[in-house]
Every structure is written in structure tokens, then in C-alpha cells.
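Tertiary structure, described
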Amino acid sequence: MNIFGSNKEKAIIQLFRQGNPLAMDRLYAEYADYLTAVCARYITDDDDLKDVLQEAFIKIFTQIDKFEYRGKGSLKAWATRIIVNESLLFLRKQKGSLPLVSDDPPDIPDDTPDTEGLSGETLNNLVAQLPTGYRTILNLYVIEGKSHKEIAQIMGIKPDSSASQFHRAKNMLAKLIKEYKRKQV
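Keep in mind it's a predicted model, so treat the numbers as computed, not measured.

Assignment of secondary structure puts K50 in helix α3 (residues 46-63). With 14 residues separating them along the chain, K50 and T36 place their C-alpha atoms 8.6 Å apart.

As C-alpha cells, this is what we get:
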């Protein structure tokens, strides 16, 4: 028998509202892998990743009473926002601010990365090789769907700087992908 019925999120929220001790376990079992993958897009060190995830899950569990269910997918989206925000907070604390690379790296093509034939794991590994600032802006823009204006507010930079950093990140990723594919031949 499936205790969740057709809407797992509603069932998890109901368990929390009832004070059921299984609520945290159910939420963790449902979203831990996904939220770990989201966090890993920003945090590349395993120990730091575990720390950020722990802080994020504590925040999720202690603030779930403030969560307002808005339909299927809203709990996952809310938890994802917390993970991203905790990741960005960690990066700011660690570096003082998110580091950006100011000069164009040499020998980087001006084209879109050719991801055809790459597994998700391989692509994630290549993105993880980008400098922290590049990787962060790339994730915020491509994955989180933030505008350059929103990224600028998050990171305390100008929108033009966000766009420039994104362009550089995209070009550096294209170079990394080309080098990877060349080595595979």
C-alpha cells in the first residue's frame, strides 16, 4: 500500500503538520539525491557539500511550518531554493564574496558548448572544473533560470558583469568539452 497516494508532497506536508516523526525521513528519502545534485553544482568539495546539505536540511526541517503548498512541485521548488541559497551563502562566507575572473582566459573559442554525446555526469564534472564565479553564474543563469539582473542582485555585481562572466563561463566550458572529446577519440 502506498501511503503517499498520488501526491507525495501533500502527504509529506500532512505528516509534518501532524507532527509525525516519519515526516523528516520521508522528505529526506524523496529529495536527498536531487538536492545533493543541486548543491554539487555549486559546491565541489565533498566535505563542504555535506556541511551545506546539513545546514540546508536543518533549515528545511525547522522552517517547513512556514511553507505554503501551492500545488504539485512546490515543495521540491521550495527545498531547491533553500539549497541554492545555502550554497551561495557558503561560497560568500568562504571567499568573502563570490570570486569572479576579470580577464578573458586565453585561447577560448567564442561558441556554444557542444554537449552532444556527453553524459550528465561527464557534463557535471566538466562544469565543476570552472572557476567558482563562472560556475555559480552559469548555474544561476542556465539551471535556475535567473536573469542577469537577478544574478547581479544575488552576487552584488552589475548585470553587465553577470552577462560577461556567463559568456566567459560558456566559452571556457566549450573549451573543456572540446579537450575532453579530443581525448576520447
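Having seen the structure, we can now continue with the description.
Here we come to the packing of aromatic side chains. Within this structure, the stated rule accounts for five aromatic pairs. Measuring from centroid to centroid gives 5.8 Å for F57 and F61, while their planes differ by 40°, and the two rings are tilted. Of the two residues, F57 and F61 both sit in helix α3, four residues apart, roughly one turn of that helix. Residue classification places F57 among the buried residues on the basis of a relative accessible area of 6%. Relative to W78, the ring of F67 has its centre 5.2 Å away and its plane inclined at 50°; by these criteria the two rings are tilted. Of this pair, F67 sits in the loop between α3 and α4 (74-95) while W78 is found in helix α4, placing the two residues eleven residues apart along the sequence. Each member of the pair, F67 as well as W78, is classed as buried. These aromatic residues form a ring-pair network of at least three members: F16, Y28, F57 and F61. The aromatic ring of Y34 is capped on one face by K76, whose charged end is 4.2 Å from the ring centroid.

Here the focus is α3. In this model α3 runs 25 Å from its N-terminal to its C-terminal C-alpha over 18 residues, within 8% of the 26 Å that 1.5 Å per residue would give. Looking at α3, one finds that the buried residues are D48, L49, V52, L53, A56, F57 and I60. Burial along α3 is one-sided: seen end-on, the buried residues are contained in an arc of 165°. Every exposed residue of α3 that faces more than 90 degrees away from the buried side is listed here: D47, K50 and T62. Its side-chain oxygen 3.2 Å from the backbone nitrogen of D47, D45 forms the N-cap of α3.

For helix α8 (residues 159-184), spanning 26 residues, the distance from its first C-alpha to its last is 37 Å, which sits close to the expected 38 Å at 1.5 Å a residue. Along α8, the residues classified as buried are S162, Q165, F166, R168, A169, N171, M172, L173, A174, L176 and I177. Where α8 is buried, its residues touch α5 (120-128), α6 (132-143) and α7 (148-155).

What follows covers the environment of L130. When you line up the elements, L130 lands in the loop between α5 and α6. Judged by relative accessible area, L130 falls into the buried class, the value being 2%. Sequence-wise, L130 and L176 are 46 residues apart; in three dimensions their C-alpha atoms are separated by 8.9 Å. Apart from the residues within four sequence positions on either side, L130 is in contact with R135, L138, A169, M172, L173 and L176.

Before going further, it helps to examine the pattern of salt bridges. Note on pairing: side chains with opposite charge can pair once their charged atoms come close. Tallied over the full model, the rule gives five salt bridges. Between E68 and R70 there is a salt bridge, and its shortest N-O distance comes to 3.8 Å. Here E68 matches R70 in class, with each residue exposed.

The subject of this paragraph is the packing of helix α1 (residues 8-17) against helix α2 (residues 22-40). Each packed pair of helices is defined by two parameters, the angle between the axes and the distance between the axes. The geometry of α1 relative to α2 is characterised by a closest axis approach of 8 Å and an angle of 155° between their N-to-C directions. Taken as axis vectors, α1 and α2 run roughly antiparallel relative to one another. Between α1 and α2 the crossing geometry is left-handed. Across from K8, E9, I12, L15 and F16 in α1, the residues of α2 making contact are A23, M24, R26, L27, E30 and Y31. For the contact of α1 with α2, the per-class residue count stands at seven nonpolar, no polar and four charged.

Cut-offs used in this document
- Residues numbered from 1 in each chain as written.
- Predicted model: local features only at pLDDT ≥ 70, side-chain atom pairs only at ≥ 80, totals over all residues.
- Heavy atoms only, no water.
- Helix = DSSP H or I, 4+ residues; strand = E, 2+ residues; numbered from the N terminus.
- Phe/Tyr/Trp six-rings, centres within 6.5 Å; stacked < 30°, edge-to-face > 60°.
- Buried < 20%, exposed > 50% of the residue type's maximum accessible area, 1.4 Å probe, protein only.
- Lys NZ or Arg CZ within 6 Å of the ring centre and 35° of its normal.
- Expected span 1.5 Å × (residues − 1).
- Arc of directions from axis to C-beta.
- Polar contact = N/O pair within 3.5 Å; in protein donor to acceptor, adjacent residues only side chain to side chain.
- Contact = heavy atoms within 4.5 Å.
- Salt bridge = Lys/Arg side-chain N within 4 Å of Asp/Glu carboxyl O.
- Axes fitted to C-alpha atoms, helices over the stretch in contact; angles between N-to-C directions.
- Parallel < 35°, antiparallel > 145°, perpendicular 65-115°, else oblique.
- Left-handed = near helix turned anticlockwise from the far one by under 90°.
- Nonpolar A, V, L, I, M, F, W, Y, C, P; charged D, E, K, R; others polar.

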